[in-house]
Amino acid sequence: AVGSEICKVAECKRHGPPVRFPFWLQHRQSNHCGYPDSSFQLSCSENKQTLFHLPRSVKMVVQSIYYQKQEILLSHPDTCHYIQLLSLNLSASPFLFLDDIYTPDSGEMENLTLFNCSSVGDHACPITARASNYKYNVNLINCSKWVDIPGVPFGLAFPDSFNLRWSKPMCIECEAQRGSCRLKNNGSTPSQTECYDIPKPKSKRSSKAAAGVILASFLLVLIVIGLYYVYQRQKKKKENQVKIEKFLQDYRSLKPSRYSFADIKRITNDLKDKLGQGGYGTVFKGRLSNDVLVAVKILNVFKGNGEEFVNEVGSMSRIHHVNVARLVGFCADGYNRALVYEYLPNESLEKFIFAAKGDTHVLGWDKLQEIALGIAKGIEYLHQAKLCSKEQSAVSMTAARGTMGYIAPEVLSRNFGNVSYKSDVYSFGMLLLEMVGGRKNIDVTVENMSQVYFPEWAYNHLDNGEEIGLRIENESHSEIARKLTIVGLWCIQWYPVDRPSMKVVIQMLEGKADSLTKPPNPFASADHMTMSASKYKKPIDIELAVIAE
Ligand SMILES: Nc1ncnc2c1ncn2[C@@H]1O[C@H](COP(=O)(O)OP(=O)(O)OP(=O)(O)O)[C@@H](O)[C@H]1O
């Protein structure tokens, strides 16, 4: 088809009659878009009306085009149409007059007489018509007869609009199938047509609507983003507020509260729920007024002065570490002394590592190693806290305290050196060895007395490459057991100076067992206590920060 792509439907103004084949709109479409007969050429008037040209310059205004019926509804232009009637002749065009509104038997003709009424003063149209068959009450005073026009189609004589029907080209069938005709591109004469799908005009309205939709969606997205942004900001602000509140609350509760002994009794429900017994006192479960659970340690009969205790509490309250139970309060009431700690719900490690004979251990080797490292870091932190200022030393000692089995020899007797942070290293070493052995180091229930003291047994078996711990399942577990044993044995060296610092202990625990050297025999010195003590005494005094007595 000839340029069918560019033969889009055209119109003179918005909502004007759509122009397409067999018509074509001058200046807006190419002539090949219409049927090659000048009658089908339409044009636009200055005031955007669609004009239909009949032979001999008769111009009509196109009201509608009914493509499916092949009819065109025309009306007279504003100019005086009677004059045009003089020259109207449809015979040479493919159009037939059709007036099914007024004269069903279309084709009825009128003899029209035109009168010149210019003297009346209607300058726009000084012509008046009278049909011969219809004696309309036309005021003809001051009019003079001008001309008779015989055989004027009735519809043209009077009504404002009339229909014309075209018979060529014949596209009724194609239109019925919602298609449109176009010229066949074979140059045949007379021109032949073919049916095709009408290209949908890109209506300004729909493109405007599409633009509107896009704009609206864009705005909507902007609004949603804006709202989301505001929401996020509000949320963040709220979260920050909550964080600040929590921080302030924590800060407030960081300061240990002072309780009277009556308070302590109320908190512990009259010392009802005993959690355990330590070397310093008995521990009871309690509940503060805000439903926070605590562990209250009622200290054994307190002999020191009140000031010393309060100073110690002050130091302890500055200790904050994930692996150290936090002090939340204290009691210094008469001779009663108590320390209130945050409650740790997992009970004592003791319960997990000293399972009854035959019991399977709940904690695996990886967990044991993790716990050991956690404890080591907690002690290391405490040592740092103590060492940063000698004046603020957190703990002072007036007597050997602690649980037997963990107490370093120098704590029991000053013959073996001064009490220092290395005494804690010793206690930690004993704990490590108990964790490996899964039983108390000094276990009176063991039947074979040669295995009573586990650390010594473990030391003797290190060389033989035997498995130290029980419950070993695989290679990596055996490595952990070996590592914990070696570190434990380093920690329980008889002389404090031989023991590593907690910092080194952490490095050892974090490293591999292979990189550790076997420690000297910690038990060799025990047999020759006096001799060895004098041998080691000097360096101990030089190196270690002595804990004040
Ligand atoms: N904060 C706590 N939360 C829960 N239970 C606790 C808490 N503190 C202590 N306990 C329980 O009380 C027991 C005794 O604790 P305590 O600290 O008095 O002694 P210890 O650390 O076992 O020995 P030592 O007196 O030699 O330091 C613990 O074994 C544990 O079961």
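Residues numbered from 1 in each chain as written. Predicted model: local features only at pLDDT ≥ 70, side-chain atom pairs only at ≥ 80, totals over all residues. Heavy atoms only, no water.

Engineer: Even after reading the chapter, I still don't get the overall build of the protein, so can you show me in this structure?
Structural biologist: From N to C terminus, the protein includes 15 helices and 18 strands. Among the 549 residues that make up the protein, the fraction classed as buried is 40%. The contacts of the protein with a sequence gap of at least 6 include a subset with a gap of at least 24, amounting to 61%. Carbon and sulfur atoms provide 54% of the accessible area of the protein, an area that totals close to 32,000 Å². (Helix = DSSP H or I, 4+ residues; strand = E, 2+ residues; numbered from the N terminus. Buried < 20%, exposed > 50% of the residue type's maximum accessible area, 1.4 Å probe, protein only. Contact = heavy atoms within 4.5 Å. Areas by Shrake-Rupley, 256 points an atom, 1.4 Å probe, with all protein chains shown as cover.)

Engineer: What's the story with the environment of Gln 493 in this structure? I'm lost.
Structural biologist: With respect to the helices, strands and loops of the structure, Gln 493 is situated in the loop between helix H12 (475-491) and helix H13 (502-510). Considering only alpha carbons, one finds Gln 493 and Pro 522, 29 residues apart in sequence, at a separation of 4.7 Å. Setting aside anything within four residues of it in sequence, one finds Gln 493 in contact with Tyr 426, Asp 498, Arg 499, Pro 519, Pro 520 and Pro 522. A distance of 3.0 Å separates a polar atom in the side chain of Gln 493 from the backbone oxygen of Leu 489. (Polar contact = N/O pair within 3.5 Å; in protein donor to acceptor, adjacent residues only side chain to side chain.)

Engineer: It is not clear to me how the sheet that holds strand E18 (residues 336-342) should be interpreted in this structure. Could you clarify?
Structural biologist: Hydrogen bonds between backbone atoms are what pair the strands of a sheet, whose relative direction is either parallel or antiparallel. Across the sheet, six strands lie side by side as E13-E17-E18-E16-E15-E14; this open sheet has mixed pairing. One side of each edge strand has no neighbouring strand; the edge strands of this open sheet are strand E13 (257-259) and strand E14 (274-277). Direction aside, the axes of adjacent strands within the sheet are offset by 25° on average. Two elements, E14 and strand E15 (residues 281-287), share three bridges in a ladder whose sense is antiparallel. From the neighbouring strand, Gly 276 faces E15, where its bridge partner is Val 283. (Pairing = 2+ DSSP bridges. Axes fitted to C-alpha atoms, helices over the stretch in contact; angles between N-to-C directions.)

Engineer: I tried to follow the confidence of the model for the protein on my own but got confused; where do I start?
Structural biologist: Note: predicted coordinates in regions of low pLDDT should not be interpreted at a detailed level. Averaged over every residue, the pLDDT of the protein is 77; residues scoring 70 or more account for 72%. Per-element confidence in the protein is highest for H13, whose mean pLDDT is 95, and lowest for helix H15 (residues 529-543), whose mean pLDDT is 37. Across residues 387-398 the pLDDT falls below 50, and counting only partners more than four positions away or on other chains, this stretch makes 22 contacts in the model. In this model, residues 527-543 is a region of pLDDT below 50 whose contacts with residues beyond four sequence positions or in other chains number 24 contacts. (pLDDT = per-residue confidence, 0-100.)

Engineer: Sorry if this is basic, but what is going on with the side chain of His 383 here?
Structural biologist: With respect to the element layout, His 383 can be found in helix H8 (residues 365-387). We classify His 383 as buried; its relative accessible area is 4%. A distance of 2.8 Å separates the side chain of His 383 from the side chain of Asp 424, its partner in a polar contact. Those residues within four positions of His 383 in sequence are excluded, and the remaining contacts are Tyr 421, Asp 424, Val 425 and Met 502.

Engineer: Which parts of the structure should I look at to understand the packing of H12 against H13?
Structural biologist: Two quantities define a packed helix pair, namely the angle between the helix axes and the distance between the axes. For the pair H12 and H13, the least separation of the axes is 10 Å and the interaxial angle reads 165°. What the angle tells us is that H12 and H13 run roughly antiparallel. Crossing hand, H12 versus H13: right-handed. Between H12 and H13, the residues in contact are Lys 483, Leu 484, Val 487, Trp 490 and Cys 491 and Val 505, Met 508 and Leu 509, respectively. (Parallel < 35°, antiparallel > 145°, perpendicular 65-115°, else oblique. Left-handed = near helix turned anticlockwise from the far one by under 90°.)

Engineer: Whenever I open this one, helix H11 (residues 454-462) confuses me. Can you help?
Structural biologist: Three- or four-residue spacings in an α-helix give side chains the same orientation, since the helix completes a turn every 3.6 residues. H11 sits mainly inside the fold: seven of its nine residues count as buried. Where the residues of H11 are buried, they touch helix H10 (421-437) and H12.

Engineer: What should I look at first to understand the pairing of strand E3 (residues 50-54) in this one?
Structural biologist: Within a regular beta strand, the side chains point alternately toward one face of the sheet and then the other, so they alternate between its two faces. In terms of residue burial, E3 counts as a mostly covered element, since four of its five residues are buried. Of the pairings in the sheet, the one linking strand E2 (residues 41-44) to E3 comprises three bridges and is antiparallel in character. Bridge pairing links Leu 42 to Phe 52 in E3. Once E2 ends, the chain turns through five residues before running back antiparallel as E3, passing Lys 48 with a positive phi of about 65°. In the sheet, E3 pairs with strand E4 (residues 58-66) via four bridges, with the strands oriented antiparallel. Along E4, the bridge assignment pairs Leu 54 with Val 58.

Engineer: Before we go on, may I ask you to explain the nonpolar core in this structure?
Structural biologist: Side chains of a nonpolar character, in soluble globular proteins, are inclined to be buried together. Of all hydrophobic cores here, the largest spans 45 residues; its most connected members are Phe 428, Met 435, Leu 484, Val 487, Val 505 and Leu 509. Listing elements by their share of this core, those giving two or more residues are helix H7 (349-353), H8, H10, H11, H12 and H13. If you tally residues by element for this core, the top one is H10, at nine residues. When near neighbours in sequence (up to four residues on either side) are disregarded, Leu 484 contacts Trp 365, Ala 372, Leu 432, Val 436 and Leu 509. With 28 residues, the next largest nonpolar core counts Phe 52, Met 60, Leu 90 and Cys 174 among its residues. (Core = buried A, V, L, I, M, F, W, Y, C linked by side-chain atoms within 4.5 Å.)

Engineer: How should I be thinking about the pattern of salt bridges in this particular structure?
Structural biologist: Charged atoms that come close allow side chains of opposite charge to pair. Going through the model one piece at a time under the given rule, you end up with nine salt bridges. Residue Glu 175 pairs with Arg 20 through a salt bridge whose shortest N-O separation is 2.9 Å. Of this pair, Glu 175 sits in helix H3 (residues 172-176) while Arg 20 sits in the segment before strand E1 (24-25); the two residues are 155 residues apart in sequence, bridging distant segments of the chain. Judged by relative accessible area, Glu 175 falls into the buried class, the value being 4%. Looking at Arg 20, the relative accessible area reads 14%, which means it is buried. Taking the shortest distance from any N to any O, the salt bridge between Glu 71 and Lys 69 comes out at 3.9 Å. Take Glu 71: its relative accessible area is 2%, and that puts it in the buried class. (Salt bridge = Lys/Arg side-chain N within 4 Å of Asp/Glu carboxyl O.)

Engineer: Explanation requested: the packing of aromatic side chains in the structure shown.
Structural biologist: The way to describe two aromatic rings as a pair is by their centre distance and the angle between their planes. Summed over all chains, the structure comprises 10 aromatic pairs. Taking 6.3 Å as the distance between ring centres and 35° as the angle between the ring planes, the aromatic pair formed by Phe 23 and Phe 95 counts as tilted. Of this pair, Phe 23 sits in the segment before E1 while Phe 95 is found in strand E6 (residues 95-98), placing the two residues 72 residues apart along the sequence. A ring pair is formed by Phe 23 and Trp 166, whose centres lie 5.0 Å apart and whose planes are at 90°; its orientation type is edge-to-face. (Phe/Tyr/Trp six-rings, centres within 6.5 Å; stacked < 30°, edge-to-face > 60°.)

Engineer: Got a minute to help me understand H12 in this structure?
Structural biologist: Here H12 spans 24 Å end to end across 17 residues, near enough to the 24 Å set by a 1.5 Å rise per residue. Along H12, 12 of the 17 residues are buried, which leaves the element largely enclosed by surrounding structure. If you check which residues of H12 are buried, you get His 477, Ile 480, Ala 481, Lys 483, Leu 484, Thr 485, Ile 486, Val 487, Gly 488, Leu 489, Trp 490 and Cys 491. (Expected span 1.5 Å × (residues − 1).)

Engineer: Explain unusual backbone geometry here, please?
Structural biologist: With glycine set apart, most residues show a phi of negative sign, and most peptide bonds adopt trans. Cis geometry marks the peptide bond from Phe 21 to Pro 22; its omega dihedral reads 10°. Mapped onto the fold, Pro 22 is located in the segment before E1. In this structure, the amide linkage connecting Lys 168 to the following residue, Pro 169, adopts the cis form with an omega of -5°. Mapped onto the elements of the fold, Pro 169 is located in the loop between strand E10 (161-166) and H3. Its identity as a non-glycine residue notwithstanding, Lys 48 has a phi of 65°, on the positive side. Take Lys 48: it is sitting in the loop between E2 and E3.

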